[in-house]
Amino acid sequence: MTETTGLWHLLMGNLSYDALPFYSPIATVGASIVVLGALGTAVLITWLGKWKYLWSEWLTSLDHKRIGIMYIVLALLMLSRGVIEAVMMRTQQALAIQSPGYLPPDHFGQLFSTHGTIMIFFVAMPFLTGLINFVMPQQIGARDVRFPLLNAISLWLTVAGAALVMVSLVLGKFSTGGWSGYPPYTESAYQPGVGPDYWIWVLTLSSIGSTLTGLNFAVTIYKERAPGMRFFRLPLFTWTALCTSILMIFAMPPLTVATALLALDRYLDMHFFTNALGGNMMNYANLFWLFGHPEVYILILPAFGVFSSVFSTFSAKRLYGYKSLVYATMAIAVLSFTVWLHHFFTMGQSPSINAAFGIATMLIGIPTGVKIYDWMLTLYRGRVRFSVSLLYSLMFMLLFVIGGLTGILLATPPVDFVVHNTVFLVAHFHNMLIPGMLFGMLAGYQFWFPKAFGFRLDETWGRIGAACWGLGFVLAFMPLYVTGLEGMPRRSQEIFQPQFAPYLLLAELGGLIILAGLFSLFVQLWVSIRRRDHNRVPVGDPWDGRSLEWANPAPPPEYNFFTLPQVEDRDAFTWMKERGVAYLPAQHYEDIEMPRNSATAVAIGVAALLSAFGLVWHIWWMAVVGLGAAWAAVIVRSFVRDTMRTIPASEVEQAHRGWLREIAATRAVSRDEEMSAGNVGLAESAS
């Protein structure tokens, strides 16, 4: 028996029958949904005979547009789990007024930990990375990002992290230490199980992928701009992408260091973050929030770029205060590194230190206010069309200001000391991230979807979804400001104050309406696919776009542009349309080189997943083999010489002239017809 046990431990580490999710019916159901969903997807793809297509056209693709779309698909899938978990927590609190409710404390702790981890690292980060991936190279007139293979590796490291989160639902339990994973609670003395280990390696995979992404995007913007695309001709979305990339480069490494040191504490009994043998938990707090507060602006700045594009396009006006918006973006990026300590005002710093960081925090409100006024003045006296994208943007502008004002309150150390550990703080950061980040990503999804797939999304279901997200947010989080001021602690599995009941029931209703908003997104997508022939926009400019991503067909060719554009203005495409040079054949076409597909990134992602799973369960041979396989994939790739393929100039010319003939046969539609079947992607110019 001992020999059998020893062999099992050698082969499978700490993994045993006890890891199966039979500790509660809810956990069993959740795990079953994950397993059956994965099996069902595999069976469906097999039945449709699409494995070869998926492998050759998507999974191994190095096309930045397809990589961006895969990021967004991942974000929407993980959003589904994140929203469901949020509703489960809201339901528990609504039912647990002086009663146990339906979730035990340990399970509730897992839920708020996975919810925060998923929403930050596997919804927000992939969503913004996907949008930047798809849009930014086209906006700067580039054929691709600077490092296409590195781009794919970043994607598959993120996918590996997301897969590990899903595995934690089936085998073992996740951490109950929250999304920030503070020691000593995540040290092995307090959580000896695999939960914190899952959290550590999930974040490590995600943070490495995001660091590589930041490097790639920054170099792309520095080096791949079209002729004439000077920095002050960059669209605002690209400016926000650049500042976000710089934040990724400098903010993600502290997180990687923090999780690595915590892993050393847990695996090798080191004492970086303990209270004994020289450790100090405050080192962790500083490292985590050196990442954590710039992370807030990594999430919000791309959304600001989306709103700038939407407000300008759907008011048919040049963006007001362009330079002030650029300077405000850069100011926010710099100031984001000066405020991390406001996340632990309550941890014993001196009043002078708290005051300094409180003032720095308030200063960020100034450039943010500049943006709000510039956007309002962009809309002023414009030809405003209330598209779904604009509805999300308007809801953002109203609700985000409320969140910003509560942020100024929390920047005052005495106020923060009182409400820091209450649901007032929960309401505040959701007030920033849902109307700010999530509404921005949904606005961008609605705005650029026709460019990605060649047909518009259904407007009716889009409006229903926007209404549900807006109303649901207000009902779900505004009551928490009240209960927070009355002292309701956050992360509470059971509530002992009956006076909170009406507010928690409202919050539960809001959560259900948000769930309806999520459902509406998928219904909208389904209806749009069914009616895609009715809503096709092959010409590629359904909204009278102003920047270069609208200057090619929908969907764009692999190489983006038939000939690289010459940029003369910051609204480059509008400038071209006004002068009648947007749709002209080139005098000379050239061969175009594009990267060949590669399985290297997929191999690295799978190997990283296996290595991380082995580390979680102490299956040391699997951890070593996975790490070795990842490096082997890199080494094998280094011997590949035929990495590019050539698209002949004749093929490029034929495709371009065919598109121009289609444009010549198409009637440009007016603003009033933008949402009709007559809009096939050629909008009347504002001029």
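It should be emphasised that the depicted structure is a prediction, and the values quoted were computed from it without experimental measurement.

1. Quick notes on the overall build of the protein
Thinking step 1. Helix and strand content of the protein: 21 helices and 2 strands.
Thinking step 2. Relative to the globule expectation of 26 Å for 687 residues, the C-alpha radius of gyration of the protein, 25 Å, shows essentially globular dimensions.
Thinking step 3. Counting only residues that meet the buried cut, the protein has 58% of its 687 residues in that class.
Thinking step 4. Sequence separation of at least 24 residues holds for 83% of the intrachain contacts in the protein that already meet a minimum separation of 6.
Thinking step 5. Working note: accessible area of the protein is about 27,600 Å², and carbon and sulfur atoms make up 69% of it.
Thinking step 6. If you average the places of the 42 positive and of the 40 negative side-chain charges in the protein, the two averages end up 7 Å apart.

2. Quick notes on the domain arrangement of the protein
Thinking step 1. Taken domain by domain, the protein comprises domain 1 (1-49) and domain 2 (50-598 + 643-673).
Thinking step 2. In this structure, domain 1 and domain 2 have C-alpha centres spaced 31 Å apart.
Thinking step 3. Across the contact, 17 residues belong to domain 1 and 14 residues belong to domain 2.
Thinking step 4. The junction of domain 1 with domain 2 conceals about 1,300 Å² of combined surface from both sides, 74% of it contributed by carbon and sulfur atoms.
Thinking step 5. On the domain 1 side of the contact with domain 2, Y23, I26 and I45 bury the most area, a combined 39% of that side's loss.
Thinking step 6. Our count for the domain 1 to domain 2 interface comes out at 0 salt bridges.
Thinking step 7. In this structure, the connection of domain 1 to domain 2 is made through 4 residue pairs in polar contact (both at pLDDT 80 or more).
Thinking step 8. A class-by-class count of the residues in the side of domain 1 that touches domain 2 yields 13 nonpolar, 4 polar and no charged.

3. Quick word on the environment of T313
Thinking step 1. Position of T313 among the secondary structure elements: in helix 9 (residues 281-313).
Thinking step 2. Judged by its relative accessible area of 5%, T313 falls in the buried class.
Thinking step 3. Contacts of T313, omitting those with residues within four sequence positions, involve R385, F447, W543, D544, G545 and R546.

4. Concerning a nonpolar patch on the surface
Thinking step 1. Residues L7, L10, L11, W621 and V625 make up a contiguous nonpolar surface patch of about 510 Å² in total accessible area.
Thinking step 2. Residue assignment for the nonpolar patch shows that the elements contributing at least two residues are helix 1 (2-12) and helix 20 (620-638).
Thinking step 3. The element best represented in the nonpolar patch is helix 1, accounting for 3 residues.
Thinking step 4. By the element assignment, W621 lies in helix 20.

5. With respect to the packing of aromatic side chains
Thinking step 1. Under the counting rule described, the total for this entry stands at 45 aromatic pairs.
Thinking step 2. Both rings, one in Y198 and one in W617, keep their centres 6.3 Å apart while their planes meet at 85°; by these two values the pair is edge-to-face. Note that Y198 is positioned in helix 7 (residues 195-223) and W617 in helix 19 (residues 600-617), a separation of 419 residues in sequence.
Thinking step 3. By relative accessible area, which is 0% here, Y198 ends up buried.
Thinking step 4. Joined through ring pairs, the aromatic side chains of F121, W179, Y182, F272, F273, Y284, F288, W289 and F291 make up one cluster.

6. Thoughts on helix 11 (residues 351-363)
The α-helix advances 3.6 residues per turn, and as a result positions three or four apart in sequence lie on the same side.
Thinking step 1. An ideal rise of 1.5 Å per residue puts 18 Å on 13 residues; helix 11 measures up with 18 Å between its terminal C-alpha atoms.
Thinking step 2. Every buried residue belonging to helix 11 is among N354, F357, G358, A360 and T361, and all of these are buried. For helix 11, the buried positions fall inside an angular range of 160° around the axis, keeping them on one side. Relative to its buried face, helix 11 has exposed residues pointing more than 90 degrees away, namely P351, S352 and I359.

7. Thoughts on the packing of helix 8 (residues 236-268) against helix 9
The relative placement of two packed helices comes down to the angle between their axes together with the axis-to-axis distance.
Thinking step 1. Between helix 8 and helix 9, the shortest axis-to-axis distance is 8 Å and the interhelical angle comes to 160°. The angle between the axes of helix 8 and helix 9 places the two elements in the roughly antiparallel class. Here helix 8 and helix 9 pass one another in a crossing that is left-handed.
Thinking step 2. A class-by-class count of the residues in the contact of helix 8 with helix 9 yields 25 nonpolar, 5 polar and 1 charged.

8. A closer look at the environment of I120
Thinking step 1. With respect to the helices, strands and loops of the structure, I120 is situated in helix 5 (residues 105-139).
Thinking step 2. Taking relative accessible area as the criterion, I120 reaches 11% and is therefore assigned buried.
Thinking step 3. Sequence spacing of I120 and E295 is 175 residues, and the spatial spacing of their C-alpha atoms is 9.0 Å.
Thinking step 4. Those residues in contact with I120 that lie beyond four places of it in its chain are M125, W179, E295, L299 and L433.

Parameters and conventions
Residues numbered from 1 in each chain as written. Predicted model: local features only at pLDDT ≥ 70, side-chain atom pairs only at ≥ 80, totals over all residues. Heavy atoms only, no water. Helix = DSSP H or I, 4+ residues; strand = E, 2+ residues; numbered from the N terminus. Rg over C-alpha atoms; globule rule 2.2 N^0.38 Å. Buried < 20%, exposed > 50% of the residue type's maximum accessible area, 1.4 Å probe, protein only. Contact = heavy atoms within 4.5 Å. Areas by Shrake-Rupley, 256 points an atom, 1.4 Å probe, with all protein chains shown as cover. Lys, Arg positive; Asp, Glu negative; His and termini not counted. Charge placed at Lys NZ, Arg CZ, Asp CG, Glu CD. Domains from an automatic or database assignment. Buried area = accessible area lost by both parts, 1.4 Å probe. Salt bridge = Lys/Arg side-chain N within 4 Å of Asp/Glu carboxyl O. Polar contact = N/O pair within 3.5 Å; in protein donor to acceptor, adjacent residues only side chain to side chain. Nonpolar A, V, L, I, M, F, W, Y, C, P; charged D, E, K, R; others polar. Patch = residues over 30% accessible without salt bridge, like charges linked within 9 Å, V, L, I, M, F, W, Y side chains within 5 Å. Phe/Tyr/Trp six-rings, centres within 6.5 Å; stacked < 30°, edge-to-face > 60°. Expected span 1.5 Å × (residues − 1). Arc of directions from axis to C-beta. Axes fitted to C-alpha atoms, helices over the stretch in contact; angles between N-to-C directions. Parallel < 35°, antiparallel > 145°, perpendicular 65-115°, else oblique. Left-handed = near helix turned anticlockwise from the far one by under 90°.

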